[in-house]
Amino acid sequence: MDKFIVYNSKLKGDVTISGAKNAALPILSATLLTDKLCVLKNVPDLLDIRTMLKILQTLGKEISFKQGTVVIKSTGKREKYTAPYSLVRTMRASFCCLGPLLAKNRKAKVALPGGCVIGPRPVDLHIKGLMKLGADIKINKGYCIASAKKLKGAHIYLGGQFGSSVLATANVMMAAVLSKGITIIEHAACEPEIIALGIALKKMGANIEGEGTPIITINGVDCLNGLDETVIPDRIEAATFLAAALVTRSDITIKKVNFKHLTAVLEAMENMGAVFNIKEDSIGIKSPKVITPVSVTTLPYPGFPTDVQAQLMSCLCFAKGISMITEKIYPDRFMHIAELNRMGAGIQRSGPYAIIEGRRRLFGAEVMASDLRASAALVIAGLAAEDKTEILRVYHIDRGYEYIETKLRHLGAKVKRVKQK
Ligand code: EPZ
């Protein structure tokens, strides 16, 4: 497992943001809804993307992936409908193959994703939504087995104890587009990635209104065409590079980004003292010499994204005062606290609350990456800490950040990857 060696760095210049992993994954699943040719551009070359492509191949698709463009053809072989545990367990988002497989083949067998370090990751809302559309669903030996003679539109309330669910909304949308009649999804997720999925499905011939709002209305159609679509910019990667600039007191520009997807993040960083120069598809950040402490709560979009919580915490470790982070989406998403405290941070956790006592300095150490966004948080802390930080198990970061060390080095960061046997 590779490791990163990171030293205290100053950043300058500009960096281009890649396509959004969390937009690409559901759209790739949506190609299961058609036998026609599908082309998806600006797809980031990530472990999670390659896992999804492997799953599509297992399900009978012919795949090519070159220079960010994925071309998907149907092999015409008997449609397969099992997404195996060996692949699903490595990437939870594979579960959003269930809806399209069921809608296209009237049957689907997808391994339950299980939990991960950020929390239990239940799928009750996915199952509830598909059952409302008329699916018969059984759980057997860790697999979710779904079948339906035909799917019929329904009025579905999809809110859970933590609010809306991104991939449950995606799963139900993809099943509903081929269901007979009208489906109304209430308490739908409003993330930009759901809007992107809705636009892609409409390009394939689906009849959808309201994507990006809490109420999505879908009028089922008999079949869908192919797709030629470009993936939207990755708002979480963008926020990660802004955090890297903030923590190193650097001024940089991030390019090929949609600032409208980052309102809550920009607001929080402005409260921390950052000044932004926003253009059509770029954001310049002027970082403060002293970081002001803030209180932030993670919420479903357009609230502050849980996927930026760890990165912001790293910045707040250097603030002049005490900050608070409340994690309302995944109350256990705090694996990075212990590692940051090993670097000399002063963070106390109580349930979904983290109190961060800003310090003047953190000290490099050997730290362990535990999940995708926590790994990014450790890189950010390492860029501002004294001496050398060694981050072990960086395959976590490879799941969600395309060429991150190359992009950071291009900005002047002292970071290198050490290949481990
Ligand atoms: C998506 O996961 C993202 N992944 C996650 O990003 C992100 O953290 C999450 O949305 C929240 O924004 C992808 O898009 C591939 P949820 P998803 O269903 O859809 C609970 C990353 O770092 N819930 O919106 O799986 C759940 O436990 C990843 O890129 C239920 O209770 O998340 C959580 O508390 C990590 N029942 C809350 O809802 C369900 O059936 C939101 O989860 C489903 C979810």
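Residues numbered from 1 in each chain as written. Predicted model: local features only at pLDDT ≥ 70, side-chain atom pairs only at ≥ 80, totals over all residues. Heavy atoms only, no water.

A few words now on the domain arrangement of the chain. On domain assignment, one finds that the chain holds domain 1 (2-17 + 233-419) and domain 2 (21-230). When each unit is reduced to the centre of its C-alpha atoms, the spacing between domain 1 and domain 2 is 30 Å. Listed by partner, the interface residues are 25 residues for domain 1 and 20 residues for domain 2. Summed over both partners, the interface of domain 1 with domain 2 buries about 1,900 Å², with 54% contributed by carbon and sulfur atoms. (Domains from an automatic or database assignment. Contact = heavy atoms within 4.5 Å. Buried area = accessible area lost by both parts, 1.4 Å probe.)

Attention shifts here to unusual backbone geometry. Of the consecutive residues Tyr301 and Pro302, the connecting peptide bond is found in the cis state with omega at 10°. With respect to the helices, strands and loops of the structure, Pro302 is situated in the loop between strand E18 (295-298) and helix H10 (309-316). Of note, the phi angle at Asn42 is positive, near 60°, even though the residue is not glycine. As for its position among the elements, Asn42 is in the loop between strand E3 (38-41) and helix H2 (47-58). Even without glycine at this site, Arg106 takes up a positive phi of about 65°. Checked against the element boundaries, Arg106 lands in the loop between helix H4 (98-105) and strand E7 (107-111). The exposure class assigned to Arg106 is partly exposed, which follows from its relative accessible area of 30%. (Helix = DSSP H or I, 4+ residues; strand = E, 2+ residues; numbered from the N terminus. Buried < 20%, exposed > 50% of the residue type's maximum accessible area, 1.4 Å probe, protein only.)

Before going further, it helps to examine the pattern of salt bridges. Going through the model one piece at a time under the given rule, you end up with 22 salt bridges. Taking the shortest distance from any N to any O, the salt bridge between Lys419 and Asp2 comes out at 3.0 Å. Of the two residues, Lys419 sits in the segment after strand E24 (415-418) while Asp2 sits in the segment before strand E1 (3-7), which places them 417 residues apart along the sequence. A salt bridge links Glu193 to Arg235; the nearest nitrogen and oxygen atoms lie 2.8 Å apart. On the criterion of sequence distance, the pair formed by Glu193 in helix H7 (residues 192-203) and Arg235 in helix H8 (residues 235-247) is long-range, its members being 42 residues apart. With respect to class, Glu193 is no different from Arg235; both count as buried. The structure contains a network of salt bridges with shared partners spanning Asp2, Asp398, Glu405, Arg417 and Lys419. (Salt bridge = Lys/Arg side-chain N within 4 Å of Asp/Glu carboxyl O.)

Pairing in this open sheet of four strands is mixed, and the strands run E4-E5-E3-E14 from one edge to the other. Each of the sheet's edge strands pairs with one partner strand only, and the pair in question is strand E4 (61-66) and strand E14 (227-230). Each strand of the sheet is rotated relative to its neighbour by a mean of 10°, with strand direction disregarded. Two elements, E4 and strand E5 (residues 69-74), share six bridges in a ladder whose sense is antiparallel. Along E5, the bridge assignment pairs Ser64 with Val71. Relative to E3, helix H1 (residues 21-30) is tilted by about 175°, and along the sheet it contacts E3, E5 and E14. In the packing of H2 onto the sheet, contacts are made with E4 and E5, and the angle to E4 comes to roughly 155°. (Pairing = 2+ DSSP bridges. Axes fitted to C-alpha atoms, helices over the stretch in contact; angles between N-to-C directions.)

Turning our attention to the packing of H8 against helix H12 (residues 372-384). At a closest axis distance of 8 Å, the pairing of H8 and H12 adopts a crossing angle of 20°. Relative to H12, the element H8 lies roughly parallel. H12 is crossed by H8, and the crossing has right-handed handedness. Residues Ile236, Thr240, Ala243, Ala244 and Val247 of H8 form the contact with H12, whose participating residues are Arg373, Ala376, Ile380, Leu383 and Ala384. Grouping the amino acids of the contact of H8 with H12 by side-chain chemistry returns eight nonpolar, one polar and one charged. (Parallel < 35°, antiparallel > 145°, perpendicular 65-115°, else oblique. Left-handed = near helix turned anticlockwise from the far one by under 90°. Nonpolar A, V, L, I, M, F, W, Y, C, P; charged D, E, K, R; others polar.)

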